[in-house]
Amino acid sequence: MINMASWIIHVTMVLSVFIRSCQGKRDEILYCSACKAIVDELNYSISQVDPKKTINIGSFRLNPDGTLKDKKVPFARSETHLSELLDGVCSSMTDYALHVDPDTQIRQYMRFAPRTGQNTGDFPDFKNFQFDGPEASNTLKFACETVVEELEDDIISLFSRETEDVKLELCSRISDYCKDGRHSNEEL
């Protein structure tokens, strides 16, 4: 009986080590870049909404006195709008490619395509981007979808509260996708 119990414990330990070693490790550059790209894309989309536009939130039940209790909040940072933005944010990952800084050799995915009406002088030189075909943007899109799926509630919470440095808070503190300091404060 004792041999059986020790054998079961031994097999369980071996299996747990095997399972942990088989789990795929996430590419830090890919997931950190995806997280930062989500923040940048959401910030841009929010900035495009008329700040005067509001939405009613709350219950639409009548109070006993016949009044309606609701509240108006800015539409741009409402949960409804943020959820809609999150549904489509990963489609913009096709505008990103792997960028290698020529001085520091730091690799990160960056936006290479300017947005409508944006000055192209603000973008890094194309020769420092690595365009590996549609597979690369599909990989970034998959990482984006994974980040959104895992952190949707946190993303909505941070953006609706207008948290100061969403990129640092979400990508470094909450998710730990950007583990070292060099990823946390850089702009995409």
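See above for the structure.
Report on the accompanying structure. Predicted model only: the values in this text are computed from it and were never measured.

Quick word on the sheet that holds strand S3 (residues 96-100)
Whenever strands of a sheet pair, they do so through backbone hydrogen bonds, lying parallel or antiparallel. Taken in spatial order, the 3 strands line up as S4-S3-S5 in an open sheet, and their pairing is antiparallel. Bordering the open sheet on either side are strand S4 (107-111) and strand S5 (129-130), each of which pairs with just one other strand.

Focus on helix H5 (residues 166-174)
Considered for burial, the residues of H5 that qualify are Val166, Lys167, Leu168, Leu170, Cys171 and Ser172. The first or second residue beyond H5 is Asp176, which carries a positive phi of 65°.

Topic: the packing of helix H2 (residues 28-47) against helix H4 (residues 134-160)
Direction vectors running N to C along H2 and H4 enclose 55°, while the axes themselves pass 9 Å from each other. Between H2 and H4, the interaxial angle falls into the category oblique. Between H2 and H4 lies a crossing of right-handed hand. Residues Leu30, Tyr31, Ala34, Cys35, Ile38, Val39, Leu42, Asn43 and Ile46 of H2 touch H4, and the partners they reach there are Thr139, Leu140, Phe142, Ala143, Cys144, Thr146, Val147, Val148, Ile155 and Phe159. Residues that form the contact of H2 with H4 fall into these classes: 16 nonpolar, 3 polar and no charged.

Thoughts on the pattern of salt bridges
Considering all chains together, one arrives at 7 salt bridges under this definition. The shortest N-O distance in the salt bridge between Glu162 and Arg77 comes to 3.8 Å. Of this pair, Glu162 sits in the loop between H4 and H5 while Arg77 sits in the loop between strand S2 (71-74) and helix H3 (79-88), and the two are 85 residues apart along the sequence. Among the residues examined, Glu162 registers a relative accessible area of 53% and is labelled exposed. Between Arg173 and Glu169 there is a salt bridge, with its nearest N and O atoms 3.0 Å apart.

Comments concerning the environment of Ala143
Tracing the backbone shows Ala143 in helix H4. For Ala143, a relative accessible area of 0% gives the class buried. With residues near it in sequence (within four places) discarded, Ala143 still touches Leu30, Tyr31 and Ala34.

A closer look at H4
If you check H4, its first and last C-alpha atoms are just 33 Å apart, much less than what 27 residues at 1.5 Å a residue would give, namely 39 Å. Immediately downstream of H4, the backbone of Glu162 shows phi near 55°, a positive value.

A word on the side chain of Lys167
Considering the arrangement of structural elements, one finds Lys167 in helix H5. For Lys167, a relative accessible area of 8% translates into the label buried. One polar contact links Lys167 to Asp40, side chain to side chain, over a distance of 2.9 Å.

Section: the nonpolar core
If you look at the biggest cluster of nonpolar residues, it comprises 39 residues, and the most contacted ones within it are Leu42, Val147, Ile155, Phe159 and Leu170. Put simply, the parts of the chain that give this core at least two residues each are H2, H3, S3, H4 and H5. Not counting residues within four places of it along the chain, the set of residues in contact with Leu42 comprises Leu85, Leu86, Val89, Ile155 and Phe159.

Reading guide: rules and limits
- Here, residues in each chain are numbered from 1, in the same order as that chain's written sequence.
- Under the rules for a predicted model, residues below a pLDDT of 70 receive no local features and side-chain atom pairs below 80 are neither given nor counted, while totals for whole chains, interfaces and linings still include all residues.
- Excluded from the side-chain calculation are hydrogens and water; included are all heavy atoms of the structure.
- Pairing between strands is defined by DSSP: at least two bridges between the two strands are required.
- Secondary structure elements are taken from DSSP: a helix is a run of H or I of four residues or more, a strand is a run of E of two residues or more, and numbering for both begins at the N terminus.
- Remark: exposure states derive from per-residue accessible area (1.4 Å probe, protein chains only) relative to the maximum for the residue type, with buried under 20%, exposed over 50%, and partly exposed in between.
- Every axis corresponds to a line fitted to the C-alpha atoms, with the helix fit spanning only the stretch in contact, and the corresponding angles, defined between N-to-C directions, vary from 0 to 180 degrees.
- Angles below 35 degrees are treated as roughly parallel, those above 145 as roughly antiparallel, those between 65 and 115 as roughly perpendicular, and all remaining angles as oblique.
- In this scheme the handedness of a crossing depends on how the near helix is turned from the far one: anticlockwise by less than a right angle means left-handed, clockwise means right-handed.
- Residue contacts follow a heavy-atom distance rule, with two residues in contact if any of their heavy atoms lie within 4.5 Å.
- Gly falls in the polar group here, along with every residue not listed as nonpolar (Ala, Val, Leu, Ile, Met, Phe, Trp, Tyr, Cys, Pro) or charged (Asp, Glu, Lys, Arg).
- A pair is scored as a salt bridge if a Lys or Arg side-chain nitrogen falls within 4 Å of a carboxyl oxygen belonging to Asp or Glu.
- What a helix is expected to span follows from its residue count: subtract one and scale by 1.5 Å.
- Two N or O atoms form a polar contact when they lie within 3.5 Å of each other; inside protein one atom must be a possible hydrogen donor and the other a possible acceptor, and for residues adjacent in sequence the pair counts only when both atoms belong to side chains.
- Within this scheme, the nonpolar core is defined by two criteria: the residues are buried Ala, Val, Leu, Ile, Met, Phe, Trp, Tyr or Cys, and they are joined through side-chain atoms within 4.5 Å.

Purely geometric stuff here, so don't read any function into it on its own.
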